[in-house]
Amino acid sequence: APKKYWDLYDRDKISLAGTPYLPKDSPIMAMNSMYELKACYDLEFVRHPSEYHLPEETARQLKHGYYASVSFVDACIGQLMDGLRELGLDKNTIVVFWGDHGWKLGEHGSWCKQTNYSIDTRVPLLIRAPGSGRGSKTDSLTELVDLYPTLCDLAGIEIPESMEGVSLRPLLDLPEQDLKSAAFSQYVRRPKNSPDGKRYMGSSMVTSRYHYVEWYPWDDTTKTAGDLVAVELYDLESDPEENVNIAGQADQADTVRDLAAKLEAGWRAARNRD
């Protein structure tokens with residue numbers, strides 16, 4: 001980030017993550033190994049968060065850089081929107097701002113992305129479309145596969161039947177409605193980044209209340225899964241930061257069974273249709 005944005009922050013006043021530990025009772029393959037940090041010439045010493053934590057000085061430096069970069073991007077967005085207005089293009093231009101992943105800044109004792117945890121799969125998503133509602137926020141579940149049909153809908157283009165997502169256009173005017181009952185993601189844990197040296201596939205589903213994940217051994221040659229080896233369940237109402245995996249608790253057996261069936265039914269069954 002340019003120095004102007006770096007200088008906005010006092011590193012000593014930047015707070016560190018409030019949950020610098022692995023989620024309780026989570027399977028070992030669920031957390032990333034922070035290999036992106038290890039690729040930096042001065043961070044080769046980084047190891048898996050189950051056995052290592054970054055020094056506070058390094059953590060503050062990384063957060064300082066992240067904050068500065070976010071402020072720089074924010075300023076760039078402002079320049080873009082000002083330019084559209086000055087040219088009169090704001091009247092017929094759809095603008096969408098989003099990210100392709102979230103980012104850990106010490107949460108769960110880890111950094112970067114590469115997990116199914118909500119802090120990594122949740123992304124910013126802002127849509128500005130002429131003639132649609134402005135300044136509203138929605139709690140409705142949305143996914144990045146929704147962007148293509150949304151842009152088709154807003155531009156008056158027929159939405160292909162093959163789309164896995166739905167148009168988010170209705171939310172721009174009525175943000176309180178729900179378009180789907182679940183959102184899905186997957187992440188494969190490669191052998192070189194898994195503490196036990198094995199390959200796994202993690203299938204994840206988020207509902208309005210729960211985050212449910214199933215882990216299977218994964219054959220990367222045949223693209224097939226083995227038998228279920230681990231399950232994660234987080235109650236997003238009582239534990240929004242996903243710090244305690246409650247899948248193994250006896251009183252959650254019915255919830256696990258119901259969510260497993262919903263995950264197997266997949267995205268088609270989760271779509272709300274008229």
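### Quick look at the environment of Ser 185
Here comes step 1: Counting through the fold element by element, Ser 185 comes out in strand 5 (residues 183-189).
Here comes step 2: As for Ser 185 and Gly 248, which are separated by 63 residues in sequence, their C-alpha atoms are 22 Å apart.
Here comes step 3: What Ser 185 contacts, discounting residues up to four positions off in sequence, is Asn 116, Thr 121, Gly 202, Ser 203 and Ser 204.
Here comes step 4: At 3.3 Å, the side chain of Ser 185 and the side chain of Asn 116 are in polar contact.

### Things to note about the packing of aromatic side chains
Here comes step 1: Within this structure, the stated rule accounts for four aromatic pairs.
Here comes step 2: Aromatic side chains Phe 45 and Tyr 52 sit 6.1 Å apart centroid to centroid with 65° between the ring planes, which places their arrangement in the edge-to-face category.
Here comes step 3: Its relative accessible area of 37% is what places Phe 45 among the partly exposed residues.

### A short note on unusual backbone geometry
Here comes step 1: A positive phi angle, near 60°, is found at Lys 223, a position not held by glycine.
Here comes step 2: Among the structural elements, Lys 223 can be located in the loop between strand 7 (210-219) and strand 8 (224-225).
Here comes step 3: At Glu 242, a residue that is not glycine, the phi angle is positive and equals roughly 60°.
Here comes step 4: Here Glu 242 lies in the loop between strand 9 (230-235) and helix 7 (253-270).
Here comes step 5: Residue classification places Glu 242 among the buried residues on the basis of a relative accessible area of 1%.

### A few points about the pairing of strand 9
Here comes step 1: Extensive coverage of strand 9 is indicated by the burial of six of its six residues.
Here comes step 2: Because side chains alternate across strand 9, one face comprises the buried residues Ala 230, Glu 232 and Tyr 234, and the other comprises Val 231, Leu 233 and Asp 235, equally buried.
Here comes step 3: Where strand 7 lies against strand 9, six bridges are found, and the strand directions are antiparallel. Pairing of Tyr 212 across the sheet is with Leu 233, part of strand 9.

Scoring rules and cut-offs
- Residues numbered from 1 in each chain as written.
- Predicted model: local features only at pLDDT ≥ 70, side-chain atom pairs only at ≥ 80, totals over all residues.
- Heavy atoms only, no water.
- Helix = DSSP H or I, 4+ residues; strand = E, 2+ residues; numbered from the N terminus.
- Contact = heavy atoms within 4.5 Å.
- Polar contact = N/O pair within 3.5 Å; in protein donor to acceptor, adjacent residues only side chain to side chain.
- Phe/Tyr/Trp six-rings, centres within 6.5 Å; stacked < 30°, edge-to-face > 60°.
- Buried < 20%, exposed > 50% of the residue type's maximum accessible area, 1.4 Å probe, protein only.
- Pairing = 2+ DSSP bridges.

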